[in-house]
Structure formats: structure tokens, C-alpha cells
Amino acid sequence: MKILLLLSVLLISNFASAQRVLAIDSVYNLSDSLKMRIEKETKTENDSQLRNFWAFDINISNGGFGLGGQYRTQLTKNLYSFVTFSINEAKDDKEVEYVDYWGASYVPGKINRFVLMPLFLNCEYRLFDNLLANNIRPFISLGGGATAIFVSPYNKDIDIFTSFKSGKSKYAIGGIVGIGANLGNEETGFTGLNIRYNFISYKDGIPSLKTIDNVERRKSDFGGIIVSLTFAKVIK
């Protein structure tokens, strides 16, 4: 009887020891699993970190070509804020350009040249992020700010840079709304195409053109459609 009791005690003791070993192993396995999961989530978070960019813009509008730059910062996964400054040419919608016998271009009746320099604060929201690949990122954008309108007298015998000496600036408030898409790996930079409409109005108008009937036209609406090509680089 004593032998049976002794064997029972030994079996119970060994079973308890085995259970403790299994429990300890389970704790270690759970700890390793949690550690691996945390490391994976941390890596994912670092890979999708918010970024800042410098960018260069080439603009095409009904007024001609323009150049610009922007600084943008990523606020959330799909929301960006950015500041843009550009220099764009503008002209009267009724202008007709001719070329003389010597190959020089001129616009009959033109009174002033216009150069627009808008400084806008913008926001951009990415669309369809769950439907499209990460290297194709369509968006909508809107913004607003101040615009300097540099006005210089037109003379076909005086080049544009010389006329700037007699120029002066006027100021207006404006805004934009646009759609587009950014392409490429955002971790290093991207190329973007943006089609937007600018709202820039100067209330009193500025003399722009004299018609054949010698009627002076005044330009007050400096807005219009602009197509922009953007080249952006991540700031390290």
C-alpha cells in the first residue's frame, strides 16, 4: 500500500513538473509571437511614414508657358498640404499675333503685358487608395491666396525685359480647383499631372488691348485652365 502511495505521489509530481514546463514554453512562444508582431507593425509604420517634398512645376495655359515651385507636406496617408509659387504669362483673349517681314512677332493694338505671380496655400486629397496600385494616385485639390499681377507697357520695338523697367504691380485674390494624378514611388519622389482652373479677378480691370474701332478693352479676369507637370523629390 505504501508503495502505491509513493508511486502516486511521484506520478503527480512529474505531471505537475511537465505542466509547468509546458506553461513556461507557452509563455515564451507567446512572447516571441508578440515581439515579431510588434516589429512587423513598427516596420509597416516606418515604411508609411509621413513625408515632405520639394517640387518643380511646368505650366501651360491659354496665356502661354509658366514655371513654378512648391513645398508640400503629408498630413495623413491621403491628405497633403502644400504652398505653390509660380510665374505665368497672361494676355487678352482677343489678341492676334502677327509676324512681320523680318520675322519679328507683334500684336496690333496691344497696350500692356501681364505676368501673374500667384502664391497659394493648397490641399490635396488622394482618391481610390483601396482600388488602385500605390504607384497611381489620383487626387482632387483646391487652394487660394494672393496674386501679384505685374503690368508692363507693350511696344513691339522694345523687348519684354526692357519693358519691365517701366512696369508696376497690382494685387488680387484668387483660388484654384483641380484634378490629377501622381505617378511613381512616393518614397523617393513622383511625377504628377494636374489640370486645374484658376480664379483670379482684378475688379477694375487693367487696359489690355485697343480694338480696330479704337475701343479700349480692360482685362479683369486673369483666371483660366492650367495644365501642370510636376516633378517632386522627397526631402531627406
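So, here's what we can say about the structure. Here the structure is a predicted model, which means the values were calculated and not measured.

**Observations concerning the pairing of strand β8 (residues 168–183)**
Right, on to step 1. As judged from the 16 bridges shared by strand β7 (residues 136–153) and β8, these two strands associate in the antiparallel manner. For Arg-137, the partnering residue across the bridge sits in β8 and is Asn-182.
Right, on to step 2. Of the pairings in the sheet, the one linking β8 to strand β9 (residues 189–210) comprises 10 bridges and is antiparallel in character. Counterpart to Gly-180 in the pairing with β9 is Asn-194.
Right, on to step 3. Linking β8 back to β9 in an antiparallel pair, the connection comprises five residues, with Gly-184 at a positive phi of about 110°.

**Comments concerning the pairing of strand β2 (residues 64–74)**
Right, on to step 1. Here strand β1 (residues 52–61) pairs with β2 via 10 bridges, running antiparallel. When the sheet's bridge partners are listed, Ser-61 is paired in β2 with Gly-64.
Right, on to step 2. Hairpin connection of β1 to β2: two residues between the antiparallel strands.
Right, on to step 3. Pairing between β2 and strand β3 (residues 79–90): nine bridges, direction antiparallel. Bridging from a neighbouring strand, Gly-69 pairs with Phe-85 of β3.

**Topic: the packing of aromatic side chains**
Right, on to step 1. For the coordinates displayed, the defined rule picks out four aromatic pairs.
Right, on to step 2. Arranged with centres 5.4 Å apart and planes meeting at 70°, the rings of Phe-53 and Phe-190 form a pair that is edge-to-face. Remark: Phe-190 occurs in strand β9 and Phe-53 occurs in strand β1; sequence separation between them is 137 residues.
Right, on to step 3. Positioned over the ring face of Tyr-80 is Arg-72, at 5.6 Å from the centre of the ring.
Right, on to step 4. The ring of Phe-222 has Lys-219 sitting right over it, with the charged end atom 5.3 Å from the ring centre.

**Topic: the environment of Val-177**
Right, on to step 1. Structurally, the position occupied by Val-177 is in strand β8.
Right, on to step 2. For Val-177, a relative accessible area of 43% puts it in the partly exposed group.
Right, on to step 3. Along the primary structure Val-177 and Ile-195 are separated by 18 residues, whereas in three dimensions their C-alpha atoms are 8.7 Å apart.

**Notes on unusual backbone geometry**
Right, on to step 1. The phi torsion at Phe-128 lies on the positive side, around 55°, for a residue other than glycine.
Right, on to step 2. Mapped onto the elements of the fold, Phe-128 is located in the loop between β6 (112–126) and β7.
Right, on to step 3. Judged by its relative accessible area of 49%, Phe-128 falls in the partly exposed class.

Rules behind the numbers
- Residues numbered from 1 in each chain as written.
- Predicted model: local features only at pLDDT ≥ 70, side-chain atom pairs only at ≥ 80, totals over all residues.
- Heavy atoms only, no water.
- Pairing = 2+ DSSP bridges.
- Helix = DSSP H or I, 4+ residues; strand = E, 2+ residues; numbered from the N terminus.
- Phe/Tyr/Trp six-rings, centres within 6.5 Å; stacked < 30°, edge-to-face > 60°.
- Lys NZ or Arg CZ within 6 Å of the ring centre and 35° of its normal.
- Buried < 20%, exposed > 50% of the residue type's maximum accessible area, 1.4 Å probe, protein only.

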